[in-house]
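# Summary of the model geometry
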Amino acid sequence: MTKDTWDDEEYFASDFSRRQTLDMLAKGGLFASLATMLGGMPSMSYAQEDEVVRIGYLPITDATALLVAHGMGYFEDEGLETEKPTLIRGWSPLIEGFAANKFNLVHFLKPIPVWMRYNNNFPVKIMSWAHTNGSGLVVGRHTDITDFSQLGGKQVAVPFWYSMHNVVLQYALRESGVTPVIKAQGEPLAANECNLQVLPPPEMPPALAARKIDAYIVAEPFNALGELKAGARMLRFTGDIWKNHPCCVVCMHEEVTEKKREWTQKVMNAVVRGAIYSSQNKAEVAGLLSKDGWGYLPAPAPVVTRAMTHYDDEDYTTIGANKHVADWQNGRIDFQPWPYPSATKLIVEEMNKTVVSGDATFLADLDPQHVADDLVNYEFVKAALDKYPEWQNDPSVNAGDPFNRDEVLKL
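Predicted model only: the values in this text are computed from it and were never measured.

## Notes on the overall build of the protein
In terms of regular secondary structure, the protein is built from 18 helices and 13 strands. In the protein, buried positions account for 63% of the 411 residues. Of the contacts made within the protein by residues no fewer than 6 positions apart, 78% connect residues no fewer than 24 positions apart. Working note: accessible area of the protein is about 15,000 Å², and carbon and sulfur atoms make up 46% of it.

## Quick look at the sheet that holds strand β8 (residues 179-181)
The sheet built from six strands is open, its strands ordered β8-β9-β7-β10-β6-β11 with mixed pairing. The open sheet has two free edges, formed respectively by β8 and β11 (233-237), since each of these has just one partner strand. Taking each pair of neighbouring strands and ignoring which way they run, the sheet shows an average axis angle of 30°. Packing of helix α9 (residues 222-229) onto the sheet brings it into contact with β6 (135-139), β10 (215-219) and β11, and relative to β10 it is tilted by some 135°.

## Topic: the sheet that holds strand β3 (residues 105-109)
Overall, mixed pairing links the five strands, which are arranged β2-β1-β3-β12-β4 in an open sheet. Edge strands, defined here as strands with exactly one partner in the open sheet, are β2 (86-87) and β4 (124-129). In this sheet, strand β12 (residues 248-253) lies alongside β4 in antiparallel orientation, the contact comprising five bridges. Across the sheet, residue Val124 finds its bridge partner in β12, namely His253. Packing against the sheet, helix α11 (residues 261-280) makes contact with β3, β4 and β12, and its axis sits at approximately 160° to β12.

## Here's the deal with the side chain of Arg117
Mapped onto the elements, Arg117 comes out in helix α6 (residues 111-119). Apart from residues lying up to four places away in sequence, Arg117 is in contact with Phe122, Pro123, Val124, Lys125, Glu254, Asp374 and Leu375.

## What about the packing of α11 against helix α12 (residues 282-289)?
For the pair α11 and α12, the least separation of the axes is 5 Å and the interaxial angle reads 110°. The orientation of α11 relative to α12 falls into the category roughly perpendicular. For the pair α11 and α12, contact is made by Tyr277, Ser278, Ser279 and Gln280 and by Lys282, Glu284 and Val285, respectively. For the contact of α11 with α12, the per-class residue count stands at two nonpolar, three polar and two charged.

## Here's the deal with the environment of Gln369
As for its placement among the helices and strands, Gln369 is situated in helix α17 (residues 368-374). For Gln369, a relative accessible area of 33% gives the class partly exposed.

## A few points about the pattern of salt bridges
Using the criterion set out here, one finds 19 salt bridges in the structure. The salt bridge partner of Arg54 is Asp50, with a shortest N-O separation of 2.9 Å. Since its relative accessible area comes to 32%, Asp50 is described here as partly exposed. Two residues, Arg117 and Asp374, come together in a salt bridge whose shortest N-O distance is 2.8 Å. With Arg117 in helix α6 and Asp374 in helix α17, the pair connects residues that are 257 residues apart, well separated along the chain.

## Focus on the confidence of the model for the protein
The predicted model of the protein has a mean per-residue pLDDT of 89, with 88% of residues at 70 or higher. A low-confidence stretch, residues 1-33 stays under pLDDT 50, and its non-local contacts, those more than four residues away or across chains, total 68 contacts.

## With respect to the packing of aromatic side chains
A complete count under the given rule lists 12 aromatic pairs for this structure. Relative to Tyr311, the ring of Phe237 lies with its centre 4.8 Å away and its plane at 70°, an arrangement referred to as edge-to-face. Here the residue Phe237 occupies a position in strand β11, and Tyr311 occupies one in the loop between α13 (301-309) and α14 (314-319), the gap between them amounting to 74 residues. One exposure class covers both Phe237 and Tyr311, and it is buried. On the basis of an interplanar angle of 45° and a centroid distance of 5.5 Å, the ring pair of Trp338 and Tyr378 is categorised as tilted. In this pair, Trp338 is assigned in the loop between β13 (333-334) and α16 (341-351) and Tyr378 in the loop between α17 and α18 (379-387), connecting sequence segments 40 residues apart.

The rules behind these values
- Residues numbered from 1 in each chain as written.
- Predicted model: local features only at pLDDT ≥ 70, side-chain atom pairs only at ≥ 80, totals over all residues.
- Heavy atoms only, no water.
- Helix = DSSP H or I, 4+ residues; strand = E, 2+ residues; numbered from the N terminus.
- Buried < 20%, exposed > 50% of the residue type's maximum accessible area, 1.4 Å probe, protein only.
- Contact = heavy atoms within 4.5 Å.
- Areas by Shrake-Rupley, 256 points an atom, 1.4 Å probe, with all protein chains shown as cover.
- Pairing = 2+ DSSP bridges.
- Axes fitted to C-alpha atoms, helices over the stretch in contact; angles between N-to-C directions.
- Parallel < 35°, antiparallel > 145°, perpendicular 65-115°, else oblique.
- Nonpolar A, V, L, I, M, F, W, Y, C, P; charged D, E, K, R; others polar.
- Salt bridge = Lys/Arg side-chain N within 4 Å of Asp/Glu carboxyl O.
- pLDDT = per-residue confidence, 0-100.
- Phe/Tyr/Trp six-rings, centres within 6.5 Å; stacked < 30°, edge-to-face > 60°.

So this is what it looks like as structure tokens:
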């Protein structure tokens, strides 16, 4: 299958704005390449003179709350001026734009701010969660894989070494008796070794269709895209392994949160409203975000709709892709902004168990409780949640105690 056979060629274009950076990512992982970039930047960020909201985002459903807040005019309701959100095609240029103050409101994979703050001393703050769940692992139609234990001897793509996807995948592999490894392509694999490689998300579906990889794990809508366009089969949703896990988080510069408290609160009010509306109107929001609606995402409406709504399905239950759905009652993607401290601590613990390429020694001395207390700002999102209590209706909220929970990691 060639790129020309796809309905939306834009999603599979390889002319990313930073091709050289992506080549570096593929060889050494996200942090290995970005260490050089941030190493030359000042450790202190500087608040912009004006108070215009400038959003940077990747074209994935992880950005939904920010995009809905903009599209629905929630920032303007708070009296804020906004620019049109800027679509960025890779994590590296998004981080660079944020570090250089081109953007003052972004979503990052949760491990990214951990690395920025504690490996590079860059004063980033997590302000809220952008979403919960929202990812999955799909396998190629050329395989007969029905279980993680069958990933031994296979090639699997992850979006970046330091991602929730890599963390959850490697947990599932270990639990299934499979050893995650990072070897050169073509190097022999033992029967119990699963070889991991970094692949930009837009390249995953065509690579799977061409049998260059056997499976991939990534954020939506690329799983849905793989199902609809590449003959991919869903093996397991990540939210069915780690119950209501965070993936992307909303981030700001720490200095802004200290010097512009009123502005920060207004921004978080809008973001929380965006999350609530997204939670309550997933099908509508999917259409609005797609290229057939507001155009924030270049994917067609049917793809985005599947990515946000298609979950409680008998076919998925039969193959075990959502085996915990009856008990956990979550969705394919959910939207609640509260950054549970217990999840941050578990992320730090699991990152220390995850095989990556490059130097990860900074993780060894990280205290999970310190990261939960220091990296995350709970003040502004808590005030916004108190103002808009409807957030508690999202299925990923702990109904018994909305602000605390026990983490459930279960294969």
